[in-house]
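The chain contents come next:
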Amino acid sequence: MRVVIAEDHALLRDGLTRLLKAFAFDVVEVVDNGPDLLPTLIARKPDVAVIDVRLPPTFTDEGLQAAIAARAAVPGLPVLVLSQHVEPLYARELLGDRRGGVGYLLKDRVSDVAQFIDAVRQVAGGGTVMDPEVVGRLLDRSRPLDVLTGREREVLGEMAAGRSNAAIAGRLFVTEKAVSKHINNIFMKLGLSPDGDDNRRVLAVLAYLNA
Amino acid sequence: METRDWIRDGLRSVGGGILAIGLAITNIPLFVFFVLAIALTPVWGLGFVLLPLVTTLIRARANLFRRMSGWYGVPIPSPYRPAPSTGLAVGWRRYKWILTDPATWRDFAWLLPGAVIGLVLGVASLAIPIYGVEGIVLLPLWIWLGTGWYGYGVIWPIRSVNEGLMSLPQGALILAIGLAAAPQLRRVDGLFGRLLLAPTRNAELRLRVDQLTVTRADTVDAQAAELRRIERDLHDGTQARLASLGMTIGLAEELITSDPATARQLMAEAREVSTTALVELRHLVRGIHPPVLAERGLDGAVRALALNLRTPTSVDSALTGRLATPVESAAYFAVAEALANVTVHSGATFAYVSIRQDGELLHLEVGDDGRGGADPGRGTGLRGIERRLAAFDGTMTLSSPRGGPTIVTMELPCALSSPKTMLSSGTD
């Protein structure tokens, strides 16, 4: 699997490269600044890009902007955005094109290597992985989601974190069948048509983020 | 030594008196010009051009008077409102600005009385010493001429050589009195001028507000920049290192069974990163508020700072007790910045810091024997010191001739700043 890494901090850049290589990813290019990122993403079209939000020269949100721009140029280009802090606002912007293949995680998550690698693979496979912090921050104050039952909201939160039905079932101690029933209820209650082209899981998460 | 100082002051004041005579005379044409400029306003609006011009001259004259009074211990602050930022040097806008500033009219009111007082006092401060000199110089003449057509001092006319001899002590005494009185006469001139040329209470408060507005904006800017710097340092330093630490440990965890050698190496790396993170954090903390400053106050913190410098630095501190924390911190960082400049730019072999408290004023002096030529306009460091101190009504002056030595003198009030008391007592 071909990966592009964008990270300005040398220590983290080397660590990420080493980590991904250890799990048999093919790191095709490493970028350490904002301006180089977009052309690289468009030229390389990696299977997944791991991007730091804040990059030189402005040290603002150049990484995020490049990720969004790259997905506009190459629809559905999988990007996993890493940051020292997460903002639901940024998550919403990333998901704004209503396609999957988006991840948004705290850098802290990298220390759980197995889960991080899993997240990279999920994003590469078109899934959506939101940091538990984003999910958690919205869980309490999501009034428009009042139509959902408590259990359904839990399931939606797990879904936003990028978990598969099986994983959700495992975490909530219910059967996979029960999970898929909850998910169907969620789709129905949020008015997501069962036969649309759009990635329904992404839309559900988006509804969740917009809540 | 003391006598010499006293004579020097006297001679200088006599010189000041002569200058004052000349300048006092210029008041008269200035007065006439001003009246003309006002009177000619209806004539094709000539006043719109003339008044700004003549006012510039009057203000230059008044400012010179204010400066000179300062030399004799009567400092007079400048009272003028800030000029309109846009528009021409002449014209209606200027005209209005000049006419609505009470300081313009107070200057005008001073011109004639100021000229009279200046002339009288100037002539007096010149005439008394000259008369004294006359007594001394003319003595040989009396002995030679011995005629009775002229007198000196209390003896009038002088009829004999013996009486002529008496002019010597008298002349010496009068000269001494003249020299002693000259600075006092200058002071009186200054005190009279101050009645009209100093800012009124209103103007003083307005100037104070202007100054506070500027320093407050500077302070807020400086603080915001400081917070941003701290955020950056934490984000790029400690946070990044801890994230990488987690990553390294995580990878080691994965490899511990399959590849224990690499895992061990990763753990060693992790330990190193954690040490670096701590060091960085410590530096950051020191940049926010040095622990030694919290523990030992300004005195101890500056001594600790001096020990860490490459340039040998002596610290001479006569502080008793602790200062208010904000003042302490501002003073510390100002000294630290000045010393950093010494090490980086001056090429000095020796530097010193002197700290002393004089009533409610804290004096700080940082000097070195380096190459000099420091320019506050060029670097941001010195400007930073100024801003830091300005927040507390403190000031910085720099003396750095090319070739050195460089001396940075900083003063800041160490009791809480005056405006509070000014406002609460300013009910009159």
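Going by the structure above, here's the rest.
Calculation criteria
- Residues numbered from 1 in each chain as written.
- Chains lettered and ligands numbered in written order.
- Predicted model: local features only at pLDDT ≥ 70, side-chain atom pairs only at ≥ 80, totals over all residues.
- Heavy atoms only, no water.
- Helix = DSSP H or I, 4+ residues; strand = E, 2+ residues; numbered from the N terminus.
- Buried < 20%, exposed > 50% of the residue type's maximum accessible area, 1.4 Å probe, protein only.
- Areas by Shrake-Rupley, 256 points an atom, 1.4 Å probe, with all protein chains shown as cover.
- Patch = residues over 30% accessible without salt bridge, like charges linked within 9 Å, V, L, I, M, F, W, Y side chains within 5 Å.
- Salt bridge = Lys/Arg side-chain N within 4 Å of Asp/Glu carboxyl O.
- Core = buried A, V, L, I, M, F, W, Y, C linked by side-chain atoms within 4.5 Å.
- Contact = heavy atoms within 4.5 Å.
- Pairing = 2+ DSSP bridges.
- Axes fitted to C-alpha atoms, helices over the stretch in contact; angles between N-to-C directions.
- Buried area = accessible area lost by both parts, 1.4 Å probe.
- Expected span 1.5 Å × (residues − 1).
- Right-handed = clockwise from strand over helix to strand, strands pointing away.
- Parallel < 35°, antiparallel > 145°, perpendicular 65-115°, else oblique.
- Nonpolar A, V, L, I, M, F, W, Y, C, P; charged D, E, K, R; others polar.
- Phe/Tyr/Trp six-rings, centres within 6.5 Å; stacked < 30°, edge-to-face > 60°.
- Lys NZ or Arg CZ within 6 Å of the ring centre and 35° of its normal.

How would you sum up the overall build of chain B? Please name residues and give values.
If you tally the helices and strands in chain B, you get 12 helices and five strands. Looking at chain B as a whole, 39% of its 428 residues qualify as buried. Summing over all exposed atoms, chain B offers an accessible surface of approximately 23500 Å²; the carbon and sulfur share of this is 65%.

Quick rundown of a nonpolar patch on the surface? Include the residues and the values.
Residues and elements named next belong to chain B. A cluster of nonpolar side chains, contributed by Ile 28, Val 32, Phe 33, Leu 36 and Leu 112, occupies part of the molecular surface with about 410 Å² of accessible area. Among the structural elements, Leu 36 can be located in helix α1 (residues 2-39). Relative accessible area serves as the criterion here: at 42%, Leu 36 is assigned to the partly exposed category.

Before we move on, can you summarise the nonpolar core with the specific residues and values?
Across soluble globular proteins, nonpolar side chains show a tendency to be buried alongside one another. Membership of the largest hydrophobic core comes to 49 residues, with the highest contact counts inside it found for Leu 37, Leu 41, Ile 51, Leu 94, Tyr 104, Met 130 and Leu 156 of chain A. No other element matches the six residues that helix α10 (residues 200-210) of chain A contributes to this core.

Give me the environment of Pro 199 of chain B: which residues, what numbers.
All names here are of chain B. Considering the arrangement of structural elements, one finds Pro 199 in the loop between α6 (167-197) and α7 (201-255). Linking Pro 199 and Ser 78, residues 121 residues apart in sequence, is a C-alpha distance of 6.7 Å. Apart from residues lying up to four places away in sequence, Pro 199 is in contact with Pro 77, Ser 78, Pro 79, Glu 204 and Leu 207.

Got a sec to walk through the sheet that holds strand β1 (residues 313-318) of chain B? Specific residues and values, please.
All names here are of chain B. Taken together, the five strands give an open sheet; going across it, the order is β1-β2-β3-β5-β4, and neighbouring strands pair in mixed fashion. A strand with exactly one partner marks an edge of an open sheet, and here the two such strands are β1 and β4 (395-399). With strand direction ignored, the average angle separating the axes of adjacent strands in the sheet is 10 degrees. This element, helix α9 (residues 291-307), spans β1, β2 (351-358) and β3 (361-368) of the sheet and lies at about 175 degrees to β1. Against the sheet, helix α10 (residues 325-346) makes contact with β1, β2, β3 and β5 (406-413), and its axis sits at roughly 10 degrees relative to β3, the strand it touches most.

I'd like to hear about the interface of chain A and chain B, residue by residue, with values.
Contact residues are listed per partner, giving 18 residues for chain A and 19 residues for chain B. For the pairing of chain A and chain B, the buried interface totals around 1700 Å² over both sides, and the portion due to carbon and sulfur atoms is 62%. Area buried by chain A at its contact with chain B is led by Arg 18, Arg 54 and Gln 84 of chain A, which between them contribute 34% of it. For the pair chain A and chain B, the interface holds two salt bridges.

How would you sum up helix α2 (residues 46-71) of chain B? Please name residues and give values.
With 26 residues, α2 of chain B ought to run about 38 Å at 1.5 Å a step, and its terminal C-alpha atoms sit 38 Å apart, in line with that. Gly 73 of chain B sits one or two residues past α2 of chain B and shows a positive phi near 80 degrees.

Lay out the pairing of strand β2 (residues 26-31) of chain A in plain terms, naming residues and giving numbers.
All names here are of chain A. Sheet topology note: the strand β1 (residues 2-6)/β2 ladder contains five bridges and is parallel. Paired with Arg 2 across the two strands is Asp 26, which belongs to β2. With respect to chirality, the unit in which β1 leads through helix α1 (residues 10-22) into the neighbouring parallel β2 is right-handed.

Tell me about the packing of helix α7 (residues 150-160) of chain A against helix α9 (residues 176-189) of chain A, and name the residues and values.
All names here are of chain A. Running from N to C, α7 and α9 cross one another at 95 degrees; their axes reach a closest spacing of 9 Å. On the basis of the axis angle, α7 is roughly perpendicular to α9. Where α7 abuts α9, its residues Arg 151, Glu 152, Val 155, Leu 156 and Met 159 lie against Val 179, His 182, Ile 183, Asn 185, Ile 186, Phe 187 and Lys 189. Taken together, the residues of the contact of α7 with α9 sort by class into seven nonpolar, two polar and three charged.

Can you lay out the packing of aromatic side chains for me, pointing to particular residues and giving the numbers?
Enumeration according to the criterion identifies seven aromatic pairs over all chains in this entry. Pairing Tyr 332 of chain B with Phe 333 of chain B gives two aromatic rings, centres 5.2 Å apart and planes at 80 degrees, and the pair type is edge-to-face. Each member of the pair, Tyr 332 of chain B together with Phe 333 of chain B, is buried. Here a set of aromatic residues connected by ring pairs shows up, and it is made of Phe 31, Phe 34, Trp 105 and Phe 108 of chain B. The cationic tip of Arg 59 of chain B hangs over the ring face of Trp 97 of chain B; the distance from NZ or CZ to the ring centre is 5.0 Å. The ring of Phe 59 of chain A carries Arg 232 of chain B above its face, with NZ or CZ at 4.1 Å from the centroid.

Can you tell me about the pattern of salt bridges, naming the residues and giving the values?
A side chain of one charge can pair with a side chain of the opposite charge if their charged atoms are brought near each other. Under the defined criterion, the tally for this structure stands at 27 salt bridges over all chains. The closest approach of N and O atoms between Lys 189 of chain A and Glu 152 of chain A, which form a salt bridge, is 2.9 Å. Separated by 37 residues along the polypeptide, Lys 189 of chain A in helix α9 and Glu 152 of chain A in helix α7 bring together distant segments of the chain. With relative accessibility at 36%, the residue Lys 189 of chain A sits in the partly exposed group. Put simply, Asp 233 of chain B and Arg 229 of chain B hold a salt bridge, and the shortest N to O gap is 3.1 Å. Linking Asp 233 of chain B with Arg 229 of chain B, this pair stays in helix α7, spanning four residues, or about one helical turn. Given the relative accessible area of 34%, Asp 233 of chain B is considered partly exposed.

Let's hear about α7 of chain A: which residues, and what values?
Residues and elements named next belong to chain A. Counting buried residues in α7 gives eight out of 11 residues, a clear majority hidden from the surface. Along α7, the residues classified as buried are Glu 152, Arg 153, Val 155, Leu 156, Gly 157, Glu 158, Met 159 and Ala 160. Phi for Gly 162, located one or two positions after α7, is positive at around 90 degrees.

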